[in-house]
Every structure is written in structure tokens, then in C-alpha cells.
Amino acid sequence: MIKTVTVKGITIGEGAPKICVPMVGETLSQLMEEAESLSTLDLDVVEWRVDFFEDVEDIDKVTSALRKIRAILPKTPLIFTFRSAKEGGEKEVSSAFYQDLNKAVVKTGLVDIIDVELFNDEKDIKILIDAAHTNNTYTIISNHDFDKTPPKEEIVSRLRKAQQLGGDLPKIAVMPTSPADVLVLLEATYTMTEKYADRPIITMSMAGQGVISRLAGEVFGSAMTFGAAKKASAPGQVAVSELRNVLSLLHSNL
């Protein structure tokens, strides 16, 4: 039985995959404009990709910007993500700063979910999960491979590890080099869902070849998909309006 995750009236792991749109503004003014724009779109969740933010290494400026974003999007589930350069993000920071940033953000009570990368020290991951849960915040435990698609068994293993560590939403994104790689990701998603998952999982195959995985997640077991507004945060993201139409079409036929 899958235990769903509900934030601000949106239930992840039930019905059609939820649409998440990343905010990638570099300046405060860009973020404000982006938040205003997203407030008009048919989406379910917003992710602040804070690694794009020019003042990301100033925690006070991050929390100040967060307050402004939340004021514009008061009822929208919000994910806070610092994506490291080694996993496709814009910057690299020390483990200590990564911890401090995420702990400071969950203490504000202004985000609903934080993203914690799987390939960190296990003790650090558990500290952040505990800090999040203490502040009524959920966690995505994520892994991103921008170079390749690992074997099915490895994908399942990483998702199971994220679940065992206590992440509320295990997530993996991989890069295909052929259509066969996309099938590997989809089969791994189905296997994880059918055999091991006790909570919603999020999976995707990136770039053009992987777009089908962003659209057909409900068939195989992925509970969320990432769409683009103006600028994509990863290759293969589909425009929000088109994404909703396809997800609704698939859902109505299942």
C-alpha cells in the first residue's frame, strides 16, 4: 500500500502525476516576476532551484527571497532544491553549507518539501530528514545521472536506498543514450512500484528521447513530472499546458 504525500491540498501518489515547475531566476527581481507568472499557470507544485540564485551563498538573502516567493504563491506546494554541480546544478558548495542552508530553510516553515541528494553522507542525509520532519516538511531524496542510464537493478537499488533512509519521495533522473535506455528506466520504475515502494516515487528519463517517461509516469508508477514555464531546469521538460493535456488524456483512459 502506497502512503501518499499531501501538501496544501495536493496529494502526490494519487491520480495523475502532479506537475512541478521549477523557478530558475538568478536575481530577486527575476524570481518575483517568475513567481507572478507561475501563479497564473495550471500547475500543482513549484520548485525553487536555489542554485540558480546569485545570492545563494548568503542564507539571509535566501530566506528573505523565500518569504517574498511565498507571499506571491501562498497556497502552492513549494519544493526547495539546491542542486549540486555534480548532479547537474549550477554551483558546488561545501557539505557544511549545504546542511546549514537546508536546515535554515526548513526552520522558516515556508517550504513544504526539501530535496536532499542521495550521494551525500548518510549521517548528513538523516540529519536533514529529521530537521525537515521536525518542522513538518517532507523530503525528496534524489539522484541525477546526466551522463548515462544505469542498469535497471542499480536504478531500483538507489530508489530503495532513498526509501530506506526515510525520504518521503525517492527520486531518480537519468540520461538515455538510446530508446532502450528509456525502457530500462520505465521498467525499473514499474519494478520499484510493484515490488518495493511503500511511498510515491518520482522517475524520469531526460532529454528528447526520454520525454515519454515524463508523460506516461502514471502507467509505470512515477507520481510527479517536471514541466517548463519559460526556461527548463533539465533537458526534455515539456511546456506546462501541453503536459496537463497529455496527463489528463492518459489518466482518463486508465
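Each value, and the rule that gives it
Residues numbered from 1 in each chain as written. Predicted model: local features only at pLDDT ≥ 70, side-chain atom pairs only at ≥ 80, totals over all residues. Heavy atoms only, no water. Pairing = 2+ DSSP bridges. Helix = DSSP H or I, 4+ residues; strand = E, 2+ residues; numbered from the N terminus. Contact = heavy atoms within 4.5 Å. Axes fitted to C-alpha atoms, helices over the stretch in contact; angles between N-to-C directions. Buried < 20%, exposed > 50% of the residue type's maximum accessible area, 1.4 Å probe, protein only. Polar contact = N/O pair within 3.5 Å; in protein donor to acceptor, adjacent residues only side chain to side chain. 1 Å grid on protein atoms, 1.4 Å probe; cavity = no way out; pocket = protein on both sides within 12 Å on 5 of 7 lines; lining within 4 Å. Points joined across faces, edges and corners; volume = space filled by probe spheres on them. Parallel < 35°, antiparallel > 145°, perpendicular 65-115°, else oblique. Left-handed = near helix turned anticlockwise from the far one by under 90°. Nonpolar A, V, L, I, M, F, W, Y, C, P; charged D, E, K, R; others polar. UniProt positions renumbered as here; feature names shortened; annotations may be inferred.

Participant: Even after reading the chapter, I still don't get the sheet that holds strand β6 (residues 113-117), so can you show me in this structure?
Facilitator: Strand pairing in a sheet relies on backbone hydrogen bonds. The paired strands run either parallel or antiparallel. Taken in spatial order, the nine strands make up an open sheet running β9-β8-β7-β6-β5-β4-β3-β10-β11, and their pairing is parallel. Here the strands that pair on one side only, and so sit at the sheet edges, are β9 (202-205) and β11 (238-239). Taken together, the three bridges between strand β3 (residues 18-23) and strand β10 (residues 224-228) define a ladder with parallel strand orientation. The partner of Cys 20 across the bridge, within β10, is Phe 226. Relative to strand β8 (residues 169-174), helix α5 (residues 152-164) is tilted by about 150°, and along the sheet it contacts β7 (138-145), β8 and β9.

Participant: What's the story with the side chain of Ser 213 in this structure? I'm lost.
Facilitator: Mapped onto the fold, Ser 213 is located in helix α7 (residues 211-215). By relative accessible area, which is 4% here, Ser 213 ends up buried. Within the structure, the side chain of Ser 213 is placed 2.6 Å from the backbone oxygen of Gly 210, a separation counted as a polar contact.

Participant: How do you make sense of empty space enclosed by the protein when you look at a structure like this?
Facilitator: Any empty space left between atoms is shown by rolling a water-sized probe over those atoms. This structure, assessed with the given rule, holds three cavities of 30 Å³ or more. Counted as a void, the second largest cavity has a volume near 40 Å³. What lines the second largest cavity is simply Ser 95, Tyr 98, Gln 99, Val 116, Asn 120, Asp 124, Ile 125 and Leu 128. Taken together, the elements giving at least two residues each to the lining of the second largest cavity come down to α3 (95-108) and α4 (122-134).

Participant: Would you mind showing me how to read the packing of α5 against helix α6 (residues 179-196) here?
Facilitator: For any two helices packed against each other, the geometry comes down to the angle between their axes and how far apart the axes lie. Packing of α5 against α6 leaves a shortest axis separation of 9 Å and a crossing angle of 45°. As the angle between them shows, α5 and α6 are arranged oblique. Crossing of α5 over α6 shows right-handed handedness. Across the interface between the two elements, Lys 152, Ile 155, Val 156, Leu 159, Arg 160 and Gln 163 of α5 pack against Val 184, Leu 185, Glu 187, Ala 188, Thr 191, Met 192 and Tyr 196 of α6. The residue inventory of the contact of α5 with α6, partitioned by class, reads eight nonpolar, two polar and three charged.

Participant: What exactly am I supposed to notice about the UniProt feature "binding site: 3-dehydroquinate" (unreviewed entry) in the chain here?
Facilitator: What UniProt calls "binding site: 3-dehydroquinate" (unreviewed entry) maps, in this numbering, to Glu 47, Trp 48, Arg 49, Arg 83, Arg 214, Ser 233 and Gln 237. By the secondary structure assignment, Glu 47 is in strand β4 (residues 45-49). Each residue touching Glu 47, except ones within four places of it in the same chain, is listed here: Cys 20, Val 21, Pro 22, Met 23, Ile 79, Thr 81, Arg 83 and Phe 226. Among the secondary structure elements, Arg 83 is positioned in the loop between β5 (78-81) and α3. In contact with Arg 83, not counting residues within four places along its chain, are Glu 47, Arg 49, Asp 51, Gly 88, Gly 89, Glu 90, Lys 91, Asp 115, Glu 117, Ser 142, His 144 and Lys 171. A polar contact is formed between the side chain of Arg 83 and the side chain of Asp 115, at a distance of 3.0 Å.

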